[in-house]
Amino acid sequence: MHEITLREEYIKLGQALKAAGLVGSGIEAKIVIQEGSVKVNGEVEYQRGKKLHGGDIVSFNGEEIKINDN
């Protein structure tokens, strides 16, 4: 499991995928999110700008990202 510690109040979904190294670019993040390949807390999420907060879990391609508060 990948972990991201927040530097601010939240991180956007597309940024989290990039920060964890699960996608190579913001464009790739946009595509996989729009395809319905990404889940946030078990629910499919289609918004690249979805704000993630501490405790959120992102699932993509068999990998998980846990968002931690700073």
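Structure: see above.
Residues numbered from 1 in each chain as written. Predicted model: local features only at pLDDT ≥ 70, side-chain atom pairs only at ≥ 80, totals over all residues. Heavy atoms only, no water.

**Things to note about the sheet that holds strand β1 (residues 2-5)**
Basically, it comes down to this: By the convention used here, strands pair only if DSSP detects at least 2 bridges between them. Note on conventions: DSSP H or I runs of at least 4 residues are helices, E runs of at least 2 residues are strands, and numbering of each starts at the N terminus.
Reading across from one edge, β1-β7-β6-β3-β4 is the order of the 5 strands in this open sheet, with mixed pairing throughout. Of all the strands in the sheet, just β1 and β4 (43-44) have a single pairing partner and so form its edges. Looking at chain direction, β1 and strand β7 (residues 63-68) are connected through 4 bridges and run parallel. Counterpart to E3 in the pairing with β7 is K66.

**Some details on the environment of D56**
As a reminder of what qualifies: Residue contacts are counted whenever heavy atoms from the two residues lie within 4.5 Å of one another. By the criterion applied in these results, polar contacts are pairs of N or O atoms within 3.5 Å in which, for protein atoms, one can donate a hydrogen and the other can accept it, and in which residues neighboring in sequence qualify only through two side-chain atoms.
On the secondary structure map, D56 appears in the loop between β5 (51-52) and β6 (57-60). Once the C-alpha coordinates of D56 and E8 are considered, the two residues, 48 residues apart in sequence, prove to be 15 Å apart. Once residues lying within four places of it in the same chain are set aside, the contact partners of D56 are N41, K51, I65, K66 and I67. A distance of 2.8 Å separates the side chain of D56 from the backbone nitrogen of H53, its partner in a polar contact.

**What to know about unusual backbone geometry**
Note: most residues except glycine have negative phi, and most peptide bonds are trans. The backbone of N41 sits at a positive phi, close to 55°, despite the residue not being glycine. Among the structural elements, N41 can be located in the loop between β3 (38-40) and β4. If you check the backbone angles, N61 has positive phi at about 55° while not being a glycine. Relative to the helices and strands, N61 is located in the loop between β6 and β7.

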